[in-house]
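Understanding the architecture of this molecule
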Amino acid sequence: MAATSRLPAWARAKDIADLIRLSVPIAVSRMAMMLMGLTDAIVLGQYAPEELAYVLSAWLPIGVSLGFGIGILLGVQVLTSRLLGIGQEAGSGRIFRRGLWWAIVMGGVLTAALVPFAAPFFHFVFVTIAPASPEAAAAAVTPEHVAASTAAVTRILAYGLIGHMISQACSYYLEALRRPLLVTIVMYVGVVINIFANLALVAGWWGFPQMGAEGVAWATTGTRWMIAAIMLIFVAALTPGFRRSPPAAKGEARLQLEVGTGTAISNIAEWGGFNVTFIIATWVSIAANAVYGYSVQVMGVCFMFYLGIATATSVRVAEAIGRGNQEEVKNAGRLGVAATMVMGVILGVVLVSLAGPISRLLVREDAIIGGIAIAPAIAALLWLAAAATVFDGLQATASFALRAQGMVWLPSAIHLSSFFVVMIPVCYWLAIPLGRGAAGVLEGAFVGVFVAGTAQFILLEWKAARPGVERAA
């Protein structure tokens, strides 16, 4: 008992168990998103690793478009949850249908914009403004080829935007109606479908041609449409999504749009900012993009563990606010931070000790691009990727805990500053003027997430020191 009493107040066994109970299902569900991208990268790494740059660079306009749409559609989840809370979920179909139409319109407009826009945009990025790089100059592929190939992949991915938007609207709706397991099952079915599509279109199994990066794009687009179709069937069969609803309250549509606007802006900044680093890596060389890109894929998988902790921490903080207990609010945030650091140590040990096997899983062992052996180069950087994930997880957990307490704009300002003012310039400076290549881009990414994680943690502790409890609206 004496030893137990010396533990911090936030380290009680029942609170730790509660955090684990909440975080594990969330991490498992969200992991499906990264596994789809990871399987793309793994299959491409075994058959055409030199083409990874085209896929990663294409996600700059695609990611920004998806971030905007996914943010706007958040209103489906929020307003449906409110109706569920007051026992009126039977009338929630109008909210879903409104979101579904928005998904179709946004996806259509963005597709119509990206298809003709892709070629001139990437010519500007990779030919017009690309800085001189000795590695890139010595590469076998020209900047014009990189631009054209990336534009082709972008156009194919753009054809899947409507499907992706529809599936997101369905996901938000099903989760709000407390059917998250359905979403998880469908997403993992999508992962399996995507693997088989990659084996056909990238690896050339079953008599299909090997299409490289374009094969990955077609696999992703086809999978997104299949997921959308399955989701729509579930919504139609199991929810009031397509049933007649009572008339909407005045201003409901405007509120549904406003709820997601802030998230949409934040997503544009976050997804766009990080995807710029892939452009910087490609400016160095195709080899640098491959080494950096695969390292970031590993970071993305690790981040899903942190996202589970962050989301569970947000829920526990919000519950404590609802009870009006400031001490519980503070303890819930600190337990989340502690769990993040412990998870970081565990993941770091795994990545460092298994760096070789992981790198060979990502790309074939004999893969050489521009005279660089890709697998050993990835293995040499995984220790830094492991360190970066700790602070990436820290910024997520701390910012989620802060937002649960009603503090929105300061965490957002830290996030924007860390990625745009710090990370992008440092990545460029280290990678190109200092000539550190892929290592320099990853070092810059580490600096960005270190600043973000440290600043968010300091802000969380500052908030915990303030008296009083802000009740959730």
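As a starting point, this report considers the structure included with it.

Calculation rules
Residues numbered from 1 in each chain as written. Predicted model: local features only at pLDDT ≥ 70, side-chain atom pairs only at ≥ 80, totals over all residues. Heavy atoms only, no water. Helix = DSSP H or I, 4+ residues; strand = E, 2+ residues; numbered from the N terminus. Rg over C-alpha atoms; globule rule 2.2 N^0.38 Å. Buried < 20%, exposed > 50% of the residue type's maximum accessible area, 1.4 Å probe, protein only. 1 Å grid on protein atoms, 1.4 Å probe; cavity = no way out; pocket = protein on both sides within 12 Å on 5 of 7 lines; lining within 4 Å. Points joined across faces, edges and corners; volume = space filled by probe spheres on them. Nonpolar A, V, L, I, M, F, W, Y, C, P; charged D, E, K, R; others polar. Expected span 1.5 Å × (residues − 1). Bend = angle between axes of the 7 residues up to and from the residue. Core = buried A, V, L, I, M, F, W, Y, C linked by side-chain atoms within 4.5 Å. Contact = heavy atoms within 4.5 Å. Phe/Tyr/Trp six-rings, centres within 6.5 Å; stacked < 30°, edge-to-face > 60°. Axes fitted to C-alpha atoms, helices over the stretch in contact; angles between N-to-C directions. Parallel < 35°, antiparallel > 145°, perpendicular 65-115°, else oblique. Left-handed = near helix turned anticlockwise from the far one by under 90°. Salt bridge = Lys/Arg side-chain N within 4 Å of Asp/Glu carboxyl O.

A count of helices and strands for the protein chain gives 17 helices and two strands. Against the globule reference of 23 Å for 473 residues, the protein chain gives a C-alpha radius of gyration of 23 Å, in line with a compact fold. Overall, the protein chain is about 65 × 60 × 40 Å in size when its C-alpha atoms are taken along their principal axes. Across the 473 residues of the protein chain, 54% fall into the buried class.

Reported here for the second largest pocket is a volume of approximately 370 Å³. In this structure, the second largest pocket is lined by 16 residues; those nearest its centre are Ile20, Ser23, Ile309, Ala339 and Met343. Mapped by element, the contributors of at least two residues to the lining of the second largest pocket are helix H2 (13-47), helix H12 (286-322) and helix H13 (326-353). The greatest single-element share of the lining of the second largest pocket, amounting to seven residues, is contributed by H2. Partitioned by chemical class, the residues of the lining of the second largest pocket number 15 nonpolar, one polar and no charged.

Below, the discussion takes up empty space enclosed by the protein. This structure, assessed with the given rule, holds two cavities of 30 Å³ or more. Elements with a minimum of two residues in the lining of the largest cavity: helix H3 (52-72), helix H8 (161-176) and helix H10 (212-238). Its residues assigned to classes, the lining of the largest cavity comprises five nonpolar, four polar and one charged. Computed from the structure, the second largest cavity encloses a volume of approximately 40 Å³. Lining the second largest cavity we find Gln326, Val329, Lys330, Gly333, Arg334, Gln405, Leu460, Glu461 and Ala464.

Moving on: helix H5 (residues 93-128). Between its first and last C-alpha atoms H5 spans 49 Å; for 36 residues at 1.5 Å apiece the expected length is 52 Å, and the two agree. By the largest-angle criterion, Phe117 marks the main kink of H5, which is about 50°, and a proline, Pro120, follows within four residues.

This brings us to the nonpolar core. Residues Tyr292, Tyr294, Leu362 and Ile374 are the most contacted members of the largest nonpolar core, which totals 136 residues. With 20 residues, the top contributor of residues to this core is H12. Aside from chain neighbours lying at most four places away, what touches Leu362 is Leu38, Ala41, Ile42, Gly45, Gln46, Tyr294, Val298 and Ile378. Core analysis: the second largest hydrophobic core is formed by six residues, Leu19, Leu22, Ala312 and Leu335 among them.

Centre distance and the angle of the planes are the two values used to describe a pair of aromatic rings. Within the structure shown, the criterion is met by 14 aromatic pairs. Ring plane angle 85° and centroid distance 5.5 Å describe the contact between Phe96 and Phe242, whose orientation is recorded as edge-to-face. With Phe96 in helix H5 and Phe242 in the loop between H10 and helix H11 (252-284), the pair connects residues that are 146 residues apart, well separated along the chain. Taken together, the ring pairs in this structure connect Phe117, Phe121, Phe122 and Phe126 into an aromatic cluster.

Below, the discussion takes up the environment of Leu100. Structurally, the position occupied by Leu100 is in helix H5. On the basis of relative accessible area, Leu100 is assigned to the buried category, the value being 11%. Here the alpha-carbon distance between Leu100 and Leu255, two residues 155 residues apart in the chain, equals 16 Å.

For the pair H2 and H10, the least separation of the axes is 10 Å and the interaxial angle reads 155°. Between H2 and H10, the crossing angle belongs to the class labelled roughly antiparallel. Seen from above, H2 lies across H10 with right-handed handedness. Residue-level inspection shows Met36, Asp40 and Leu44 of H2 in contact with H10, the latter providing Gly212, Ala213, Val216, Thr220, Thr223, Arg224 and Ile227.

This next bit is on helix H15 (residues 374-404). Over its 31 residues, H15 runs 42 Å from end to end, which matches the ideal 45 Å to within 8%, given 1.5 Å per residue. At Leu382, H15 shows its strongest bend, of approximately 40°. Among the 31 residues in H15, 23 count as buried, and that is most of the element. Gly406 sits one or two positions beyond H15 and adopts a positive phi of about 90°.

Take the pattern of salt bridges next. Tallied over the entire structure, the rule returns eight salt bridges. Note that Glu252 and Arg98 form a salt bridge whose closest N and O atoms lie 3.0 Å from each other. On the criterion of sequence distance, the pair formed by Glu252 in helix H11 and Arg98 in helix H5 is long-range, its members being 154 residues apart. Under the relative-accessibility criterion, Arg98 is labelled buried at 17%. Linked by salt bridges that have partners in common, Asp18, Arg21 and Arg316 make up one network.

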